[in-house]
Amino acid sequence: MYFLNRKQRHTVNYTWMIVSLLLIALMPFFLFLGLYLKSFYLLHDFSLSELLFSEVWKPSAGKFGFYPFIVGSIWVTLIAMLIAAPVCLLAAIYVTQYTRKYFLRIMHPAIDILAGIPSVVYGLWGILVIVPMISRYIGPFMGIKTMGYSILAAAIVLAIMIIPFILNIIIEIFRSIPVELKEASLSLGATQWQTIKKVMMRKALPGIIAALGFGLARAFGETMAVLMVVGNVVKLPKSVFDAGYTLPALIANNYGEMLSIPKYDSALMFAAFLLLIVSLFFNLVMHFFIERYNKY
Amino acid sequence: MKLRQKVEESIFKVLMILATYFILAVLGIIIYSIFEKGIKSLSWEMISQIPKGGYYYGKGGGILNAILGSLSLAFGSTVLAFIIGLPVALYINVFLIRKKKLVMLIRFLLDLVWGIPSIVYGAFGFSLMIMIGLQTSLLAGIITVTLFILPIMIRSMDEILRTVPIGLSEASYSLGSNKSETAFKIFTRQSISGIITAILLSFGRAIGDAASVLFTAGYTDNLPNSFLEPVATLPLSIFFQLASPVPEVQDRAYASALVLTLIILIVSLFSRGIGKRYHKTKINF
């Protein structure tokens, strides 16, 4: 670049910046448009309600009902959230309010490592630890015979995967609450627990909701770990010990054969499109909660 | 009333301690079980050879194809994401510093893109590939993974660049430098540690993700030698070996998982060390 003079260098750099920025800014639209166009063939032939609420999934017979996958995804995600949410909230309050600074210095690397472990390794760990645990202990304990590969196994693995993600945000939120608020409450005679429950929680609530929403969106789209432990059976799950199937797992499992059956690729792209919409929707809504938190 | 409050607080305190140590314990269990299972079948042969014939039925060989494949894929996409990401992060923080609304919009878009699951990128990358007539290959994998790690890269650089004090850029302007010089010469140097951390973070993400390369990078037993040929990746190699009914092959999956975990732990250790070492003196204006 040194054969250029300063002004030319500025122009080059500036163009480079603008082009990159446009590329990024247009990416969500490209994603949306690309997947929409790909799933258009399917939407053209079937009505949306037929696709979303039909239970029959027989691609070779031209029947595409996404209902079992959607239900499976929702079950796995909600149970994972039920496990992860209280753990994250309690741990975040403990770490920020009850311990000294050095404890956070231990927790942060631990959270980072948990967040960095790839999903395949989580899946493998699920097969090693969670699946046998369910088939040997939890299942018999509840009086149910199960293989272990189940909605519950997927939910537990998923909960552990999203804990670091949610916990990080909630810790940041509790740390950003002004100390004066806490001091004012304490000086009026409230105990520490009352302060946390009545003052800090109220202040942090929009932020906590946002953190949980981001976690939920992330859990909904998680692929490999869930795919490895959920059992991959196309039917409506009756209990958490049943095997299920999720939307991301559907896409990942069938990419190999999707070009051999007509409309199959379009169906898988439709699944990806659904995932995209759910993810964009949750992130949009949660963004407004974060805005609210920042405002007050 | 007093008693009830005290009981309530102590119950919750116990629950909080349990939750916190539960998280630490889970981390311990994960690391322990990966190491305990993986170390047994980890051998020099595993990491120095490509799969021989019948590897997936328990015969000899190793996963060098996947290790090198993953490294080249992650390296390529990190470089590409850096080339696109750095100017964007700089542009937001140097050129648009006065346009708060626009910056907020861009950050919002980036956060939105960050939240999109990697399988969606995989599907999108796949349809992009078909559109431009590309086979499953290293190049297609790199492009897809780049899209996937770009928001991570930009947002983490952005978080560091926004802490650069305004006085520093004012000093730079007053000495006669223009905006792009300020961006590339002052801002990058001031926040070099954060930029390196962002790069390593993206690298870790790129090497660990399987869903986005499933469609696009393919799989092969050969070493990567061309951008236009399929390439094996570690996460997929773990996945395929684990799906085998042969116990020896499954054991190798554990060993491969150990290799992948070690790579990621090393990368994250590096990013911590570098973050500390190259932290420039804090300037107060």
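Predicted, not measured: the structure shown is a model, and the values here were computed from it.

Along chain A, the regular secondary structure elements total 11 helices and two strands. Reading the helices (α) and strands (β) of chain A from amino to carboxyl end gives α-α-β-β-α-α-α-α-α-α-α-α-α. Relative to its 296 residues, chain A shows a buried fraction of 47%.

Our next topic: the overall build of chain B. Secondary structure assignment for chain B yields 12 helices and zero strands. When its helices and strands are written in sequence order, chain B yields α-α-α-α-α-α-α-α-α-α-α-α. In chain B, buried positions account for 47% of the 285 residues. Of the contacts formed within chain B by residues at least 6 apart in sequence, a portion of 76% connects residues at least 24 apart.

Residue and element names in this part refer to chain A. In this structure, Leu158, Ile170, Val229 and Ala272 are the most contacted members of the largest nonpolar core, which totals 185 residues. Broken down by element, this core gets its largest block of residues, 20 residues, from helix 6 (residues 151-175). In contact with Ile170, not counting residues within four places along its chain, are Cys88, Leu89, Ala92, Ile208 and Ala211.

All names here are of chain B. Each assigned domain of chain B is listed with its residue range as follows: domain 1 (2-41) and domain 2 (55-277). Taken over C-alpha atoms, the centre of domain 1 sits 32 Å from the centre of domain 2. If you look at the interface, domain 1 gives seven residues, while domain 2 gives seven residues. Tallied by class, the residues present in the side of domain 1 that touches domain 2 amount to three nonpolar, two polar and two charged.

Residue and element names in this part refer to chain A. Axis separation between helix 1 (residues 6-45) and helix 11 (residues 264-295) bottoms out at 8 Å; the angle between their running directions is 140°. Considering the angle they form, helix 1 stands oblique to helix 11. Our pair here, helix 1 against helix 11, has a crossing hand that is left-handed. Judged by residue contacts, Leu31, Phe32, Leu35, Tyr36, Lys38, Ser39, Tyr41 and Leu42 of helix 1 engage Ser266, Ala267, Met269, Phe270, Ala272, Phe273 and Leu276 from helix 11. A per-class count over the contact of helix 1 with helix 11 returns 12 nonpolar, two polar and one charged.

Now for the interface of chain A and chain B. Counting from both sides, the interface comprises 64 residues of chain A and, opposite them, 66 residues of chain B. A per-element tally of the side of chain A that touches chain B places helix 1 of chain A first, with 17 residues. Taken together, the residues that form the side of chain A that touches chain B break down as 47 nonpolar, 12 polar and five charged.

With respect to the helices, strands and loops of the structure, Pro117(B) is situated in the loop between helix 4 (100-114) and helix 5 (118-132). The exposure class assigned to Pro117(B) is buried, which follows from the 26 C-beta atoms found within 10 Å. It is 36 Å that separates the C-alpha atoms of Pro117(B) and Ile166(B), two residues lying 49 residues apart in sequence. Contact partners of Pro117(B), with chain neighbours within four places excluded, come to Gly221(A), Glu222(A), Thr223(A), Pro248(A), Leu275(A) and Ser279(A).

Attention now moves to helix 4 (residues 101-116) of chain A. The terminal C-alpha atoms of helix 4 of chain A, which comprises 16 residues, lie 23 Å apart, in line with the 22 Å expected from a rise of 1.5 Å per residue. Turning to helix 4 of chain A, its buried residues are Met107(A), Ile111(A) and Leu114(A). Buried residues in helix 4 of chain A, looked at end-on, bunch into an arc of 60°, giving them a common side. Relative to its buried face, helix 4 of chain A has exposed residues pointing more than 90 degrees away, namely Lys101(A), Tyr102(A), Arg105(A) and Ile106(A). Those residues of helix 4 of chain A that are buried lie in contact with helix 3 (67-98) and helix 6 of chain A together with helix 1 (2-41) of chain B.

Attention shifts here to helix 6 of chain A. Because an α-helix completes one turn every 3.6 residues, residues spaced three or four positions apart along the sequence face the same direction. Residues and elements named next belong to chain A. With 25 residues, helix 6 extends 35 Å from end C-alpha to end C-alpha; this agrees with the ideal 36 Å at 1.5 Å per step. At Ile162, helix 6 shows its maximal bend, which comes to roughly 35°, and the proline Pro164 appears one to four places after that position. Where burial is concerned, most of helix 6 is hidden: 21 out of the 25 residues are buried.

Okay, the domain arrangement of chain A next. Residues and elements named next belong to chain A. Here the domain parsing of chain A yields domain 1 (6-45) and domain 2 (52-295). In this structure, domain 1 and domain 2 have C-alpha centres spaced 30 Å apart. The partner domain 2 presents nine residues to the eight residues of domain 1 that form the contact. Class assignment for the residues of the side of domain 1 that touches domain 2 results in six nonpolar, one polar and one charged.

Here the focus is unusual backbone geometry. Residue and element names in this part refer to chain A. Backbone geometry at Asn232 places phi at a positive 55°, although glycine is not the residue there. Take Asn232: it is sitting in the loop between helix 9 (224-229) and helix 10 (247-254). Residue classification places Asn232 among the partly exposed positions, given that 18 C-beta atoms sit within 10 Å.

Here we take up the environment of Gly215(A). Residues and elements named next belong to chain A. Here Gly215 is to be found in helix 8 (residues 192-221). For the pair Gly215 and Leu52, spaced 163 residues apart in the sequence, the C-alpha separation amounts to 24 Å. Sequence-distant contacts of Gly215, defined by excluding residues within four places in its chain, comprise Met81, Ala84, Ile162, Phe165 and Ile166.

Let's shift gears to the confidence of the model for chain B. Model confidence for chain B is summarised by a mean pLDDT of 87, while 96% of its residues fall at 70 or above. Across the predicted assembly, pTM comes out at 0.90 and ipTM at 0.90.

This next bit is on the environment of Gly141(B). Residues and elements named next belong to chain B. With respect to the secondary-structure elements, Gly141 resides in helix 6 (residues 138-161). Separated by 77 residues in sequence, Gly141 and Gly218 place their C-alpha atoms 8.2 Å apart. Among residues more than four places away in sequence, those in contact with Gly141 are Leu73, Val213, Thr216, Ala217 and Val231.

What follows concerns the packing of helix 7 (residues 166-174) of chain B against helix 8 (residues 179-190) of chain B. All names here are of chain B. Where helix 7 meets helix 8, the closest approach of the two axes is 11 Å, and the angle between their N-to-C directions is 145°. For the pair helix 7 and helix 8, the sense of crossing is right-handed. Contacts between helix 7 and helix 8 involve Leu168, Ser169, Ser172 and Tyr173 from the former and Thr182, Ile186 and Gln190 from the latter. Partitioning the contact of helix 7 with helix 8 into residue classes produces three nonpolar, four polar and no charged.

Definitions and cut-offs
- Residues numbered from 1 in each chain as written.
- Chains lettered and ligands numbered in written order.
- Predicted model: local features only at pLDDT ≥ 70, side-chain atom pairs only at ≥ 80, totals over all residues.
- Helix = DSSP H or I, 4+ residues; strand = E, 2+ residues; numbered from the N terminus.
- Buried ≥ 20, exposed ≤ 12 C-beta atoms within 10 Å, placed from the backbone.
- Contact = placed C-beta atoms within 7 Å.
- Core = buried A, V, L, I, M, F, W, Y, C linked by C-beta atoms within 7 Å.
- Domains from an automatic or database assignment.
- Nonpolar A, V, L, I, M, F, W, Y, C, P; charged D, E, K, R; others polar.
- Axes fitted to C-alpha atoms, helices over the stretch in contact; angles between N-to-C directions.
- Parallel < 35°, antiparallel > 145°, perpendicular 65-115°, else oblique.
- Left-handed = near helix turned anticlockwise from the far one by under 90°.
- Expected span 1.5 Å × (residues − 1).
- Arc of directions from axis to C-beta.
- Bend = angle between axes of the 7 residues up to and from the residue.
- pLDDT = per-residue confidence, 0-100.

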